[in-house]
Amino acid sequence: MCGIVAYTGEDTAKDILLAGLKRLEYRGYDSAGVALEGIAPDGSTTLDVTCRVGKVMGLASELEGHDAASTCGIGHTRWATHGKPSVANAHPHTSCDGRIAVVHNGIIENFAELRDELASRGHVFTSETDTEVLAHLVEEAYARHADLMAAVREACTHVVGAYGMAAVSADEPGVIAVARKDSPIVVGRGERGSYVASDVIALIDATRDVVVLEDGQFARLTPTGIEYTDDAGEPIEPAVTHIDWDVDTAEKGGYPDFMLKEICEQPRVVRDTLVGRLSATGELDIDELGLTFEELDLIDRVYVIACGTSYHAGLVAKNLIEAWARIPCEVEAASEFRYRNPIITPSTLVVAVSQSGETADTLAAIRDARIKGAKVFGITNVVGSPVARESDGVIYTKANKEIAVASTKSFIGQIVSLTLLAMLLGQVKGKLTTGQVRMLFRELGDTAAQIQWILDSQRTAVHEAALACKDAQSALFVGRGMGAAISYEGALKLKEVSYLHAEAYAAGEMKHGPIALIDPGFPVIAVTTKSPTYDKVVSNLKECEARGAKIIALATQGDEDIKQIADHVIYIPPVRDAFSAITASVPLQLLAREVAVMRGCDVDQPRNLAKSVTVE
Ligand code: F6R
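Rules used throughout
- Residues numbered from 1 in each chain as written.
- Predicted model: local features only at pLDDT ≥ 70, side-chain atom pairs only at ≥ 80, totals over all residues.
- Heavy atoms only, no water.
- Helix = DSSP H or I, 4+ residues; strand = E, 2+ residues; numbered from the N terminus.
- Expected span 1.5 Å × (residues − 1).
- Bend = angle between axes of the 7 residues up to and from the residue.
- Buried < 20%, exposed > 50% of the residue type's maximum accessible area, 1.4 Å probe, protein only.
- Pairing = 2+ DSSP bridges.
- Phe/Tyr/Trp six-rings, centres within 6.5 Å; stacked < 30°, edge-to-face > 60°.
- Axes fitted to C-alpha atoms, helices over the stretch in contact; angles between N-to-C directions.
- Parallel < 35°, antiparallel > 145°, perpendicular 65-115°, else oblique.
- Left-handed = near helix turned anticlockwise from the far one by under 90°.
- Contact = heavy atoms within 4.5 Å.
- Nonpolar A, V, L, I, M, F, W, Y, C, P; charged D, E, K, R; others polar.
- Domains from an automatic or database assignment.
- Near = heavy atom within 4 Å.
- Polar contact = N/O pair within 3.5 Å; in protein donor to acceptor, adjacent residues only side chain to side chain.
- Areas by Shrake-Rupley, 256 points an atom, 1.4 Å probe, with all protein chains shown as cover.

Chemist: Could you give me a rundown of helix H14 (residues 434-457), with the residues and numbers involved?
Modeler: The first and last C-alpha atoms of H14 sit 35 Å apart over 24 residues, in line with the 34 Å expected at 1.5 Å per residue. The axis of H14 is deflected most strongly, by about 25°, at Ala448. Residues of H14 that are buried: Val437, Leu440, Phe441, Glu443, Leu444, Thr447, Ala448, Gln450, Ile451, Ile454 and Leu455.

In structure tokens form, the structure reads like this:
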């Protein structure tokens, strides 16, 4: 939620900030703004703040012709929490005298109290945001310290909540002060300046060696260097992370949108996630688990906690863990998990799944689970993210940066990772033999080529199915077992990118209520791949067909019978039921995207959403 970028150096700050904000736009796109250092007619330094409602492109137009001499500034792209999207609520926010400007990502929980106190001391507020208190707190502290870094450090002592923030002062030209608690901040040195961002993607053109600030760490950037300090102001030497993913990830590479590009990258994601995971002797190698085989053998209950699409990956995992390891596995929305009193013992394994690794609900649930004594294992796509850091062990999904707001390739990476975990638990518990693991591993690897086959041969079928859905008011997704798990994901994908209302049901549940919705032409998207419940799903579909539903079936290649009830058929290659979620999800992603494109929606940045949800 919200993206921050800041630069001080030799180059034009405006261009660097706008390019960075464009890349961070996936974090929020309600409004955008920059504060650039400028020179007043009397030669003194000023701060020139420009904000605009809407996307970064609008801000770029606003700044056209703007003085390009400034070499220091801060920028922000916002996902509204406190206060509607408006110019007044857009960041940067400034102090009363306009000489300090602040950008912030996170939530200041005690902002109302701080605001009242500051107002009683004469500060005037011009926005409804929580962030504005930071500008005034820094202003007060600056009056005492006359040192921006010290002022930011002191301001943070008053704040309860989460922040990644960057501040500039007209009285300290070229200096940017940065602080972090529970909101990501990365800092890096390029050849021609110093950079700050919420995500490495905004500074990867300048440097591949970055510092991911830890909570309670501060950075002071100047055009020639960066100093890191702790909360007592003592110098520290933080670890440097090298970013090795390809810069092309940040570009569309000839695709019309990131969503399609990322869907098409999925064969690679499967292959990369599996590299080096099976030893020559058939043992699975997941060293990063942080648990010995003896400790794993003691696990007698698994909770998968996650949100949204990642939660749906958990539904797939439940089927696999219970089938292969024979231990109970529950899947819980992270936002609910922590408000219950789940049964957790030292032999409980909590698996936290999060693409971004910074979802506030998931992080809060991890912390809760650890306090209750569970082992926590993270599955995330972002190296060094809070979920990775706060878990006992972690598998990285190797999806590389996912830019489209709707998750696709990271979902497939999550399922593959969870499948490995389920196989490992099965092996350690003696329920799967080494030979079975080897065979499953090979078939899991085969899904890469199967996804490629779908991408190469089923686009026309998906297009026709999309034409059949695009004008509907609503759609139902149904399936059983694995088919039910991915139906939930299919429905989420369709509604979030196309704004077409969609629901998912276990197909057998249709007759208990949802079938009342069916009238002639109502789209029912059914996962009817060959599985132990194939005949049952077909019967459920016949009940829908009898009531006039328009049926779109995802079926196994070679299934000609399904054409008798389906109006449209999209095929996936024959695959073991356990792996059908990996392949059958792909046409559902393509379908959602096609419908969205046909309905004129912005598939990469759907309204009201943000890629990282750092509020609870
Ligand atoms: C939907 C989507 C969201 C996320 C959810 C959790 O396409 O992307 O539902 O899955 O916000 O995010 P992470 O996985 O980053 O914790």
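Chemist: Lay out the sheet that holds strand S9 (residues 186-190) in plain terms, naming residues and giving numbers.
Modeler: Strands sit in the order S3-S2-S4-S1-S10-S9-S11-S14 across an open sheet of 8 strands; the sheet is antiparallel. The sheet is open, and its two borders are formed by strand S3 (45-53) and strand S14 (241-242), each paired with just one other strand. Bridge analysis of S9 against strand S10 (residues 193-197) gives 5 bridges, and the strand direction is antiparallel. By the bridge assignment for S10, Arg189 is matched with Ser194.

Chemist: Any chance you could break down the packing of aromatic side chains for me, citing the residues and the numbers?
Modeler: In the structure shown here, the tally under the stated rule is 3 aromatic pairs. Residues Tyr7 and Tyr195 carry aromatic rings whose centres are separated by 4.9 Å and whose planes lie at 50° to one another, so their mutual orientation is tilted. Separated by 188 residues along the polypeptide, Tyr7 in strand S1 (residues 3-9) and Tyr195 in strand S10 bring together distant segments of the chain. Per residue, the accessibility class of Tyr7 equals that of Tyr195, and both read buried. When the ring of Trp324 is compared with that of Phe579, the centres are 6.2 Å apart and the planes differ by 70°; the resulting orientation is edge-to-face.

Chemist: An account of the packing of helix H4 (residues 132-145) against helix H5 (residues 148-157) is requested, with residue identities and associated values reported.
Modeler: Following both chains from N to C, one finds H4 and H5 inclined at 130°, their axes separated by 8 Å at the closest point. By the angle class used here, H4 and H5 are oblique. Between H4 and H5 lies a crossing whose hand is right-handed. On H5, the residues that touch Leu137, Val138, Ala141, Tyr142, Arg144 and His145 of H4 are Leu148, Ala150, Ala151, Val152, Glu154 and Ala155. Here the contact of H4 with H5 is built from residues that sort into 9 nonpolar, 1 polar and 2 charged.

Chemist: Can you lay out the domain arrangement of the protein chain for me, pointing to particular residues and giving the numbers?
Modeler: Domain boundaries assigned for the protein chain yield domain 1 (3-244), domain 2 (258-455) and domain 3 (458-598). Centre-to-centre separation of domain 1 and domain 3, based on C-alpha positions: 46 Å.

Chemist: Describe the site of the ligand, with residues and values.
Modeler: Around the ligand there are 14 residues in total, and Ser310, Ser354, Ser356, Thr359 and Glu496 lie nearest to it. At a separation of 2.6 Å, an oxygen atom of the ligand approaches a polar side-chain atom of Ser354. At 2.5 Å from an oxygen atom of the ligand is found a side-chain nitrogen or oxygen belonging to Glu496. Contact with the protein chains removes 90% of the 400 Å² of surface that the ligand exposes when unbound. Every element with two or more residues in the shell around the ligand is listed here: helix H9 (308-324) and helix H16 (482-498). Partitioned by chemical class, the residues of the shell around the ligand number 4 nonpolar, 8 polar and 2 charged.

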